[in-house]
Amino acid sequence: MDLELRQKITQHTGSEIVSVKPVAGGCISDAFKLEMESGSRYFLKLNYIANRDLFPKEANGLIELGKPAIIRIPKVILSDCSFILMEFIESGAKTKSFAKTFGRKFAELHKFKGRYFGFYEDNYIGSNVQRNIPGDDEKEDWVNFFFTKRLLAQYTLAEKNDFATPDLTDGILEIEKRIYGILNGSAENPCLLHGDLWSGNYMVDDKGNPVLSDPAVYYGHREADLAMTKLFGGFRPEFYSAYNEVYPLTDGYEYREDIYKLYHLLNHMNLFGKGYYNQVMDTIRKYTS
Ligand code: ADP
């Protein structure tokens, strides 16, 4: 950690840094726990490679997620292109009712509505750009938004990355033809979404409460958020039953779940390589054969 950053943090917080300890678990950035002379603790992420607006966008996402004040979100202290500094979440153990409480809160979060599908700025899903600014014909049309800004955007990236086989191209064209049928009957107003909720993107605080981190926020269909929690698992059945009690899912969700997973599978292929190709194609075939 360089002197300039130390000075910036000291200036902003009014306190000297007394210790810097690495925190494990990040996929993209180097993470640290800072202890200050004042006794405050902060969480710092550094990224030397991505000289982009990754952290300012993460900060804006966290701020948006905090608006309904339903689930605890780390307070952002400061960010720029090379770092993000936020409140340090002291971790604790899950209580017996953790999954139920989390499911309920997640449902309440989804009751917070936006005026249109998308978000006021693009952000990142992992380290790939997530397109959020809707075209005029996408603002009120979730199906169009989801196809164009999620599936097609990832397909375009796959073309650039040389993953677009003729089968993938034909598959995406076929999905485009069928997408209104696939998502038929599920229309809802835009909900506040975490956007990338897998088990590595929530924490348990010292009171046993869930805390959300590392979001890819936008306003969209809540089924997209739930499908992501199912992609790699790690959420207990009580999470889903509690969610359903508070904000019941509509008929046909099970059928639609995989089309929402497809966005993340394409993104994973674009981030991590061809290992995800077969899963991508199996999912496409589910809806096209
Ligand atoms: P990356 O963007 O590199 O994937 P994360 O934001 O996932 O990094 O953070 C890495 C790890 O640091 C997480 O798995 C979590 O355990 C921990 N962490 C994230 N945010 C905080 C925080 N505000 N306070 C304490 N620990 C945190």
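If you're wondering where the values come from, they're calculated on a predicted model, not measured in any experiment.

Reading guide: rules and limits
Residues numbered from 1 in each chain as written. Predicted model: local features only at pLDDT ≥ 70, side-chain atom pairs only at ≥ 80, totals over all residues. Heavy atoms only, no water. Axes fitted to C-alpha atoms, helices over the stretch in contact; angles between N-to-C directions. Helix = DSSP H or I, 4+ residues; strand = E, 2+ residues; numbered from the N terminus. Parallel < 35°, antiparallel > 145°, perpendicular 65-115°, else oblique. Contact = heavy atoms within 4.5 Å. Nonpolar A, V, L, I, M, F, W, Y, C, P; charged D, E, K, R; others polar. Phe/Tyr/Trp six-rings, centres within 6.5 Å; stacked < 30°, edge-to-face > 60°. Lys NZ or Arg CZ within 6 Å of the ring centre and 35° of its normal. Buried < 20%, exposed > 50% of the residue type's maximum accessible area, 1.4 Å probe, protein only. Left-handed = near helix turned anticlockwise from the far one by under 90°. Domains from an automatic or database assignment. Buried area = accessible area lost by both parts, 1.4 Å probe. Salt bridge = Lys/Arg side-chain N within 4 Å of Asp/Glu carboxyl O.

*Asks:* Describe in detail the packing of helix α6 (residues 222-231) against helix α7 (residues 237-246), supporting the description with residues and values.
*Replies:* Following both chains from N to C, one finds α6 and α7 inclined at 170°, their axes separated by 12 Å at the closest point. Taken as axis vectors, α6 and α7 run roughly antiparallel relative to one another. Note on element contacts: α7 touches α6 through Phe-239, Tyr-240 and Tyr-243, opposite Arg-222, Leu-226, Thr-229 and Lys-230. In the contact of α6 with α7, the residues fall into 4 nonpolar, 1 polar and 2 charged.

*Asks:* Help me get a handle on the packing of aromatic side chains, residues and values and all.
*Replies:* According to the stated counting rule, one finds 23 aromatic pairs in the structure shown. We note Arg-150 situated over the ring of Tyr-218; from NZ or CZ to the ring centre the distance is 4.1 Å.

*Asks:* Account for the side chain of Thr-10, with residues named and values stated.
*Replies:* For Thr-10, the location among the structural elements is in helix α1 (residues 3-13). Overall, Thr-10 belongs to the buried group, its relative accessible area being 19%. Among all residues touching Thr-10, those that are not within four sequence positions of it are Ser-15, Glu-16 and Ile-17.

*Asks:* Describe the packing of helix α5 (residues 166-182) against helix α9 (residues 277-288), and please don't skip the residues or the numbers.
*Replies:* At a minimum axis separation of 9 Å, α5 and α9 run at an interaxial angle of 40°. It follows from the interaxial angle that α5 and α9 lie oblique. The two elements α5 and α9 cross, and the hand of that crossing is left-handed. On the side of α5, the interface is formed by Asp-167, Leu-168, Gly-171, Ile-172, Glu-174, Ile-175, Arg-178 and Ile-182, while α9 contributes Tyr-277, Val-280, Met-281, Ile-284, Tyr-287 and Thr-288. The class makeup of the residues in the contact of α5 with α9 is 9 nonpolar, 2 polar and 3 charged.

*Asks:* Hey, could you go over the domain arrangement of the chain for me, with residue numbers and the actual values?
*Replies:* Under the domain assignment, the chain is made up of domain 1 (3-87) and domain 2 (98-288). The distance between the C-alpha centroids of domain 1 and domain 2 comes to 26 Å. Domain 1 puts 20 residues into the contact, and the matching count from domain 2 is 28 residues. Of the roughly 2,000 Å² buried between domain 1 and domain 2, counting both surfaces, carbon and sulfur atoms make up 68%. Ionic pairing is found between Asp-205 and Arg-72, a salt bridge with its closest N-O pair at 2.9 Å.

*Asks:* Describe the side chain of Asp-205, naming the residues involved and giving the relevant values.
*Replies:* By secondary structure assignment, the location of Asp-205 is in the loop between β9 (202-204) and β10 (210-212). Judged by relative accessible area, Asp-205 falls into the buried class, the value being 2%. In this view, Asp-205 contacts Arg-72, Ile-89, Glu-90, Ser-91, Gly-92 and Val-211; residues no more than four positions away in its chain are not counted.

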